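Structural features, examined
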Amino acid sequence: MCGIVGYIGKKKAEPILINGLLRLEYRGYDSAGIATMEEDGIKTVKNKGRVACLLDIPEIDKLEGTVGIAHTRWATHGKPTDINSHPHLDNKKTTAVVHNGIIENYIELKEFLKNNGYEFLSQTDTEVIPNLINYYYEKENDKTENGFLRAISKTIKDLKGSFAIEVLNNDFKDKMFVIRKDSPLVIGKGEGENYISSDIPAILSFTRDFYLLEDYELAVLEKDNIEFYNLDLQKIEKTPKNITWDMSSAEKGDYDDFMLKEIYEQPKAIRETIGARITKNQKINLDELDFTKEYLESIDRIYIVACGTAMHAGLAVRKILEEFCKIQTEVDIASEFRYRNPLVTKNSLCIFVSQSGETADTIAALKLAKSKGAKTIAISNVIGSSITNEADYSLYTHAGPEIAVASTKAYTSQIVLLAILGIYFAETLGVVEKELEKIKEELLQVPSKIEDVLKDTSKIKVFAQKMIKEKNAFYVGRGIDSTVAMEGALKLKEISYIHSESYSAGELKHGAIALIENGVTVVGIMTDPDLKHKTISNLQEVITRGAKTFVVTNQDLENVTFDEVIRIDEISPYISPILSVVPLQLLAYYISKEKGLDVDKPRNLAKSVTVE
Ligand code: F6R
């Protein structure tokens, strides 16, 4: 999705802005642009295409200003073209704006502005913003900073939708104005300089102190001062938060791709996510929550709501919640949940899982659950992200920045944290089960079990070569293994563009088996001893029909021969996806590499899906 960077300080802004945009490339985009404040006013350089192409535009060398805004665009309204790229200017070319998000009522606002003599160059929703600011600024007839702030505030009150906006204006050459609603924006505080970004990693090399703007908070930045206001322009106080992520975690280091690096970072991400939450022979420590036995007994239903991979993490832990806590648990896709009028009540507990914490559907689903009076927990990897601001309680995975579009370490860390949460509920409810102690012990051991898988990946690499020409693949498992099959199939399709489907192994016979023919790959996952015989039978059925099979297991395979078997360590079937997913992540990765694709930035996808 779109990315935003801003700089105000003593240095030339252009290289800092370009560097920040390059760091945001992973979000996915189709055009890029910057605007700096020069002695004779705002200058913009923008184009359809990569950030690096901006450097080929001669005008960029003339940008000397020390104040600037920048943007990578992921087209929503209007095709990717130079004109539709941000920044956008008002008709008088005095106000420049970059914007993330969507203005839902832009057609109405455009009509209003046209009726007042304004013209539009682009097909974007964004272009209404600088023009509306200009309209109110002229109408106010007050050329002070207060007059300009009133114009911004009135504009914002007119906008429907989501936005993170940076504004420059020729009358305030040493200032930058930013405001957000439902779209991420952080302010990095430096010494004699300040930074803006939509994501922390883009400016992590400059500062660790960040102000996290809440909805409708407006900031006026100067190089050595930041003032915050609410929408009624009353001053508010904010304190910066210190972020502990280090820069190296946002760099590729010796790895070819972020995805591979992040796969290998999983043991560390899990250890950090566990932190002091599990100690041998002690109850789970979740300081962030204050739930009592009585409260947990009063819950009518748990909903885990998320999108994509994060939703798969939810599916993986339903078994713990239902079997040990005896609370009915539904796992929902956020974009469905928000429109299906779910039976959420004030006795429901709704858990929202999002790596970025900025996924538009997940945020909307959370707001819906709150409006129905449910208690809400956010599980996120990003401190201060929108879902954590919105929820009653927040729990963080500590996976470090995840840059590759295909989620890997966030998924395994989410399952770890959700499993910890489930055990915490069970312990608070007074459930005493040996298996719970075993799961706790195994969570502590799982990082080294992943390290074992990562030590030798040669068999996976060889099998990947056999799959590169394929058009279809199937992933099957039963019980918890069917949830990891979903994640494996998603990984494959998103980065290798091979069509892949996941099935509960028992469902194959009800239709999909018609697609099995000579050479089609079927990936089977078997970690549950109670279900393995069944899955083995289902795999035999596809072998008979010519499929080649890739199996991830820690079970005895009863003398059945498969084309490739990746052995993983013993692990409780309550948390096995944390381990069994790793060969599937690697399989997708190696296929994508073999095909020469851009592993980290697959086509049409964005890291953070901040629009519906
Ligand atoms: C797939 C993937 C996506 C995300 C989904 C939710 O590899 O990364 O399916 O899991 O877009 O994103 P978050 O967790 O940021 O809400």
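The structure we're discussing is the one just above.
Below: a short report on this structure.

What follows concerns the overall build of the protein. Summing up its helical and strand segments, the protein has 17 helices and 25 strands in all. Computed over C-alpha atoms, the radius of gyration of the protein comes to 26 Å, within 12% of the 25 Å expected from 2.2 N^0.38 for 612 residues, which places it in the range of a compact globule. In terms of its C-alpha atoms, the protein occupies a principal-axis envelope of roughly 80 × 55 × 45 Å. For the protein, the proportion of its 612 residues judged to be buried stands at 62%.

Turning our attention to the site of the ligand. Around the ligand, the surrounding shell holds 14 residues, and the nearest of these are Ser354, Gln355, Ser356, Thr359 and Glu494. At a separation of 2.6 Å, an oxygen atom of the ligand approaches a polar side-chain atom of serine 354. In the model, an oxygen atom of the ligand is placed 3.0 Å from a nitrogen or oxygen of the lysine 491 side chain. Look at the ligand: alone it shows 410 Å² of surface, and the protein chains cover 89% of it. In this structure, the ligand is accommodated by the largest pocket. Among the elements of the structure, helix H8 (308–325) and helix H15 (480–496) are those that each provide at least two residues to the shell around the ligand. Per-class residue counts for the shell around the ligand are five nonpolar, seven polar and two charged. Inspection of the shell around the ligand shows a minimum of three residues originating in each of domain 2 (259–453) and domain 3 (456–594).

Looking now at the pattern of salt bridges. Counting across every chain of the model gives 38 salt bridges. Ionic pairing is found between lysine 157 and aspartate 232, a salt bridge with its closest N-O pair at 3.3 Å. Note that lysine 157 is positioned in helix H4 (residues 145–158) and aspartate 232 in the loop between strand S13 (225–229) and strand S14 (235–236), a separation of 75 residues in sequence. Under the relative-accessibility criterion, aspartate 232 is labelled exposed at 54%. The salt bridge partner of aspartate 361 is arginine 338, with a shortest N-O separation of 2.6 Å. Of this pair, aspartate 361 sits in helix H10 (residues 360–371) while arginine 338 sits in the loop between helix H9 (334–337) and strand S18 (348–354), placing them 23 residues apart in sequence. A single burial state applies to aspartate 361 and to arginine 338, both of which are buried. A single network of salt bridges, built from pairs that share partners, joins Glu140, Asp142, Arg150 and Lys154.

Taken as a whole, the largest pocket encloses approximately 520 Å³ of empty space. Cys307, Gly308, Thr309, Lys607 and Val609 are, among the 26 residues lining the largest pocket, the residues nearest its centre. When residues of the lining of the largest pocket are traced back to their parent elements, those giving at least two are H8, S18, H10 and H15. Taken together, the residues that form the lining of the largest pocket break down as 10 nonpolar, 11 polar and five charged. Mapping the lining of the largest pocket onto the domain boundaries places at least three of its residues in each of domain 2 (259–453) and domain 3 (456–594).

Bringing the packing of helix H14 (residues 458–467) against helix H17 (residues 577–594) into the picture now. The N-to-C vectors of H14 and H17 enclose an angle of 50°; their axes lie 8 Å apart at closest approach. With respect to H17, the axis of H14 lies oblique. H17 is crossed by H14, and the crossing has right-handed handedness. Residue-level inspection shows Ile460, Lys461, Phe463, Ala464, Gln465 and Met467 of H14 in contact with H17, the latter providing Pro583, Leu586, Leu587, Tyr590, Ile591 and Glu594. Across the contact of H14 with H17, the residue classes tally to nine nonpolar, one polar and two charged.

This paragraph deals with the packing of aromatic side chains. According to the stated counting rule, one finds 22 aromatic pairs in the structure shown. With 6.0 Å between their ring centres and 80° between their planes, phenylalanine 172 and phenylalanine 177 make a pair best called edge-to-face. Of the two residues examined, phenylalanine 172 and phenylalanine 177, each falls in the buried class. Ring centres 4.9 Å apart and planes at 55° place the aromatic pair tyrosine 211 and phenylalanine 228 in the tilted group. With a gap of 17 residues between them, tyrosine 211 in strand S11 (residues 209–212) and phenylalanine 228 in strand S13 connect regions that are remote in the sequence. Judged by relative accessible area, phenylalanine 228 falls into the buried class, the value being 5%. Here a set of aromatic residues connected by ring pairs shows up, and it is made of Phe291, Tyr295, Tyr393, Tyr424 and Phe425. Over the face of the ring belonging to tyrosine 295 we find lysine 375, whose NZ or CZ atom lies 4.8 Å from the ring centre.

What counts and what doesn't
Residues numbered from 1 in each chain as written. Predicted model: local features only at pLDDT ≥ 70, side-chain atom pairs only at ≥ 80, totals over all residues. Heavy atoms only, no water. Helix = DSSP H or I, 4+ residues; strand = E, 2+ residues; numbered from the N terminus. Rg over C-alpha atoms; globule rule 2.2 N^0.38 Å. Buried < 20%, exposed > 50% of the residue type's maximum accessible area, 1.4 Å probe, protein only. Near = heavy atom within 4 Å. Polar contact = N/O pair within 3.5 Å; in protein donor to acceptor, adjacent residues only side chain to side chain. Areas by Shrake-Rupley, 256 points an atom, 1.4 Å probe, with all protein chains shown as cover. 1 Å grid on protein atoms, 1.4 Å probe; cavity = no way out; pocket = protein on both sides within 12 Å on 5 of 7 lines; lining within 4 Å. Sits in = over half its atoms within 2 Å of the grid points. Nonpolar A, V, L, I, M, F, W, Y, C, P; charged D, E, K, R; others polar. Domains from an automatic or database assignment. Salt bridge = Lys/Arg side-chain N within 4 Å of Asp/Glu carboxyl O. Points joined across faces, edges and corners; volume = space filled by probe spheres on them. Axes fitted to C-alpha atoms, helices over the stretch in contact; angles between N-to-C directions. Parallel < 35°, antiparallel > 145°, perpendicular 65-115°, else oblique. Left-handed = near helix turned anticlockwise from the far one by under 90°. Contact = heavy atoms within 4.5 Å. Phe/Tyr/Trp six-rings, centres within 6.5 Å; stacked < 30°, edge-to-face > 60°. Lys NZ or Arg CZ within 6 Å of the ring centre and 35° of its normal.

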